[in-house]
Number of protein chains: 2
Amino acid sequence: MENKNGNITSNIKSVAKLAGVSISTVSRVINNPDSVSEKLRSKVKHAIEYLGYHPNQIARSLRTGSTKLIGFIIPDITNPAFLLMIKGAEDFLKRRGYTFIVCGTDHNTREETKLLRTLLSQNVEGMIVTCSGGQNSDFSKTVESTNIKMVFMDRRYENSKVPYVGVDNAGGVKKITDHLIETGHKSIIYLSGERNTSSARERLRGFIDSVRNRGIDFQVFYGRFTFESGYDLTKRLKKIPDAIVGGNDLVALGAIEALSQMGYCVPHDVSVVGFDDMFYSKYSRPPLTTVRQPIYEMGYMAGKILWQLLNGKHVKKHDVILQTEVILRETVKSRI
Amino acid sequence: MENKNGNITSNIKSVAKLAGVSISTVSRVINNPDSVSEKLRSKVKHAIEYLGYHPNQIARSLRTGSTKLIGFIIPDITNPAFLLMIKGAEDFLKRRGYTFIVCGTDHNTREETKLLRTLLSQNVEGMIVTCSGGQNSDFSKTVESTNIKMVFMDRRYENSKVPYVGVDNAGGVKKITDHLIETGHKSIIYLSGERNTSSARERLRGFIDSVRNRGIDFQVFYGRFTFESGYDLTKRLKKIPDAIVGGNDLVALGAIEALSQMGYCVPHDVSVVGFDDMFYSKYSRPPLTTVRQPIYEMGYMAGKILWQLLNGKHVKKHDVILQTEVILRETVKSRI
DNA sequence: TTGTATGCGTTATCAT
DNA sequence: ATGATAACGCATACAA
């Protein structure tokens, strides 16, 4: 039997014919083997083996109404952090029989809405989404109109009834800034990236929370979440502070590079800290003091919550906020 | 109408009923609007709008035999290089209406075979695969028995009729090793990773090609393709050579770190080069001299070839080998 | 131009 | 324990 692509495709009918049984028996051998006699079961199994048959998932889905498909929408499929989250979610869900469609928006909210529609018409049973912007009303409207099971991961849209799993961005930045203050840093600069996502706003808030009303001389500059941005922002500094807090590790690393080119030594002259603890940060020179997020765990948790949603279980906490950990390495020097 | 998940699902029937036409007319409005009178067309369109109807892709696929689904199998969904390849392929294919399922094997060939089966039963129309090991006979057998359209990307299994897109690994390592020899390096050590994949073997071959019969004192050590492996291997070196060639950038960076801890200065005392030009290598201290592969282009090309396969076009070159480029930065010093 | 009826490959219901 | 058959939602050949 040949389909449109010229592929040789065996189906339940051909298996039944070869085994000399009805198609219902074949179906039973696959879905409920115990209900078939040993004799027929073995016949059917051999036929399946011989023909290299495997059930057509499409037909199965149409009939059962269950695709066992989960969709992911993330801002950038090239960013290892997002993929580690996805791995976490997959590790939880794949042993429960799900398959995954992963889509990247390139940080474009219009594309995000489009992908939502695509996944919907692929009949995914659930979705895990890391939002691409600060808001996307088309997206939110579509979600509300469909009752699709969804979980937001790491970044969310506000005013939404979608459960959320994230990390305590504000708390993390606050912790590491507190550490800076406790070790005698009097003037501190925060280098933010784009401020449109929920996580970026939270990090900035953590910095402000830590620094205000404590007699600290502080300033905030906005750029992007890249090495180059950290570099440029730092090069333009009129006055070098006691410490610089990067909105993420890349920004911090860029700042260190600029500082070194400007003749300052880290941490001797300036302390620098980041946020993320990305793969490379422990190998930088000097190794970067930063905040570690439980990335993988975040994904795992998102997978778990989606699974609860899918199975009609009561989701206890609507929002789950995971805690961060300060990783002390060698870019901070006490100035007491 | 409500499906098993409790979702409100409108179907072609409900649209037809509301519009007061037959289901074939609705189908025509969607697939071939010009064949329907203006009057009915507008009625149907309003009904579609009102109900928020979109066609069930599952049913459509079952009927037409076309899923517009492409599957990817890669060794590790957490590795940015693989994902950049995928992005290349997607950029070519998505404007042609395809959707993508991405699966990672965790470098496990058994899992690889399982994923192949999964994708097959999801009725993907084509697949792009980066092989997880040196061989996988179950995988190869299954592929041959199905006529699935497939392209190997970056890593391949031998003896296969599957088209392949890769880079000239051997040529790349040869080029950079030649450069080392031409700049007066007399003793050179190659630090390989696992030697089971096709690309790892090719890189080693490039090194040997460059070094032999030229009076060079050379040695090869095997470890893994990680920072730690480069570090450990280097720490165990009895005698420090003029230059070290890392099987990839991570290994080279690990070697540099070990060297620096052992009191050697790069490139003053030893030259070190890598392979990949991964994202971070230009920011390392000192910036790493390495070989750049056209990662994205490789994926784009793989997508293009798969598309040709899918459309029955004649694929001119069965194998496509892309060229590499040596990136000179600051970890090599001339010793002439 | 429009409608009726068939079948895609399954699973599930109902007989036997 | 096994088989015949309806139904899932859609596209399409054929009839009108």
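Residues numbered from 1 in each chain as written. Chains lettered and ligands numbered in written order. Predicted model: local features only at pLDDT ≥ 70, side-chain atom pairs only at ≥ 80, totals over all residues. Heavy atoms only, no water.

Per an unreviewed UniProt entry, chain A carries the name Periplasmic binding protein/LacI transcriptional regulator and comes from Pseudothermotoga lettingae.

1. Section: the UniProt feature "domain: HTH lacI-type" (unreviewed entry) in chain A
As annotated in UniProt, the feature "domain: HTH lacI-type" (unreviewed entry) corresponds to residues 10–64 of chain A in the numbering used here. Taken end to end, residues 10–64 of chain A is 71% helix and 0% strand, and its two terminal C-alpha atoms sit 21 Å from one another. (UniProt positions renumbered as here; feature names shortened; annotations may be inferred. Helix = DSSP H or I, 4+ residues; strand = E, 2+ residues; numbered from the N terminus.)

2. Quick word on the domain arrangement of chain A
According to the domain assignment, chain A consists of domain 1 (12–55), domain 2 (67–165 + 295–321) and domain 3 (169–293). For domain 1 of chain A and domain 3 of chain A, the distance between their C-alpha centroids amounts to 64 Å. (Domains from an automatic or database assignment.)

3. Regarding the protein's contact with DNA strand C
Surveying the vicinity of DNA strand C reveals 24 residues, the closest of which are Arg63 of chain A together with Ser24, Thr25, Arg28 and Ser37 of chain B. The separation between a base oxygen of DNA strand C and a polar side-chain atom of arginine 63 of chain A is 2.4 Å. At a separation of 3.1 Å, a base nitrogen of DNA strand C approaches a polar side-chain atom of arginine 63 of chain B. Only α2 (23–31) and α4 (57–64) of chain A together with α2 (23–31) and α4 (57–64) of chain B provide two or more residues apiece to the surface near DNA strand C. (Near = heavy atom within 4 Å. Polar contact = N/O pair within 3.5 Å; in protein donor to acceptor, adjacent residues only side chain to side chain.)

4. Regarding the interface of chain B and chain A
How big an interface is tends to be stated in terms of the accessible area lost upon association of its parts. Contact with chain B, which involves 53 residues of that partner, is made by 53 residues of chain A. Of the roughly 4,700 Å² buried between chain B and chain A on both sides combined, carbon and sulfur atoms contribute 54%. If you look at where chain B meets chain A, you find 4 salt bridges. Between glutamate 257 of chain B and arginine 285 of chain A there is a salt bridge, with its nearest N and O atoms 3.3 Å apart. Linking chain B with chain A are 8 residue pairs in polar contact (both at pLDDT 80 or more). Of all the secondary-structure elements, those providing two or more residues to the side of chain B that touches chain A are α4, α5 (80–93), β2 (99–104), α6 (109–121), α10 (227–235) and α11 (249–261) of chain B. For the side of chain B that touches chain A, the class distribution of residues is 23 nonpolar, 18 polar and 12 charged. (Contact = heavy atoms within 4.5 Å. Buried area = accessible area lost by both parts, 1.4 Å probe. Salt bridge = Lys/Arg side-chain N within 4 Å of Asp/Glu carboxyl O. Nonpolar A, V, L, I, M, F, W, Y, C, P; charged D, E, K, R; others polar.)

5. Some thoughts on the packing of aromatic side chains
Residue and element names in this part refer to chain A. Tallied over the entire structure, the rule returns 25 aromatic pairs over all chains. Centre to centre, the rings of phenylalanine 92 and tyrosine 300 are 5.3 Å apart; their planes meet at 85°, and the pair counts as edge-to-face. Remark: tyrosine 300 occurs in helix α12 (residues 295–310) and phenylalanine 92 occurs in helix α5 (residues 80–93); sequence separation between them is 208 residues. Note on phenylalanine 92: relative accessible area 5%, which makes it buried. For tyrosine 300, a relative accessible area of 31% gives the class partly exposed. (Phe/Tyr/Trp six-rings, centres within 6.5 Å; stacked < 30°, edge-to-face > 60°. Buried < 20%, exposed > 50% of the residue type's maximum accessible area, 1.4 Å probe, protein only.)

6. Re the protein's contact with DNA strand D
Near DNA strand D there are 25 residues, and of these Thr25 and Ser37 of chain A together with Ile12, Tyr53 and Arg63 of chain B occur at the shortest range. Within the contact set of DNA strand D, a base nitrogen lies 3.1 Å away from a side-chain nitrogen or oxygen of arginine 63 of chain A. Elements with a minimum of two residues in the surface near DNA strand D: α2 and α4 of chain A together with α2 and α4 of chain B. The greatest single-element share of the surface near DNA strand D, amounting to 5 residues, is contributed by α2 of chain B. In the surface near DNA strand D, the residues fall into 9 nonpolar, 11 polar and 5 charged.

7. Here we look at unusual backbone geometry
The general pattern is negative phi for most residues beyond glycine and trans for most peptide bonds. Residues and elements named next belong to chain A. The linkage connecting arginine 285 with the following residue, proline 286, adopts the cis geometry, with an omega of -15°. In this fold, proline 286 is placed in the loop between β9 (271–273) and β10 (290–292). The backbone of asparagine 147 shows a phi angle near 65°, a positive value even though the residue is not glycine. Here asparagine 147 shows up in the loop between α7 (137–146) and β4 (149–153). Residue aspartate 276 is not a glycine yet carries a positive backbone phi of 135°. Looking at where aspartate 276 falls in the secondary structure, it is placed in the loop between β9 and β10.

8. Quick word on the pattern of salt bridges
Residues and elements named next belong to chain B. Following the criterion strictly, the structure yields 28 salt bridges over all chains and no others. In this structure, aspartate 319 and arginine 156 form a salt bridge, with 3.2 Å as the shortest nitrogen-oxygen distance. Linking aspartate 319 in strand β11 (residues 319–322) with arginine 156 in the loop between β4 (149–153) and β5 (164–167), this pair joins segments that are 163 residues apart in sequence. The class of aspartate 319 is partly exposed, set by a relative accessible area of 31%. Salt-bridge contacts for aspartate 277 lead to arginine 292; the nearest nitrogen and oxygen are separated by 2.9 Å.

9. Examining the sheet that holds strand β7 (residues 217–222) of chain B
Residue and element names in this part refer to chain B. Reading across the sheet, the 4 strands line up as β7-β6-β8-β9 and stay open at both edges, with parallel pairing between neighbours. Two strands lie at the open edges of the sheet, namely β7 and β9 (271–273), each paired on one side alone. Across the sheet, the mean angle from the axis of one strand to that of its neighbour is 15°, orientation sign disregarded. Each of β6 (187–192), β8 (243–246) and β9 touches helix α8 (residues 169–182); the most contacted strand, β6, lies at about 155° to it. Relative to the sheet, α10 contacts β6, β7 and β8, its axis offset from that of β6 by approximately 140°. (Pairing = 2+ DSSP bridges. Axes fitted to C-alpha atoms, helices over the stretch in contact; angles between N-to-C directions.)

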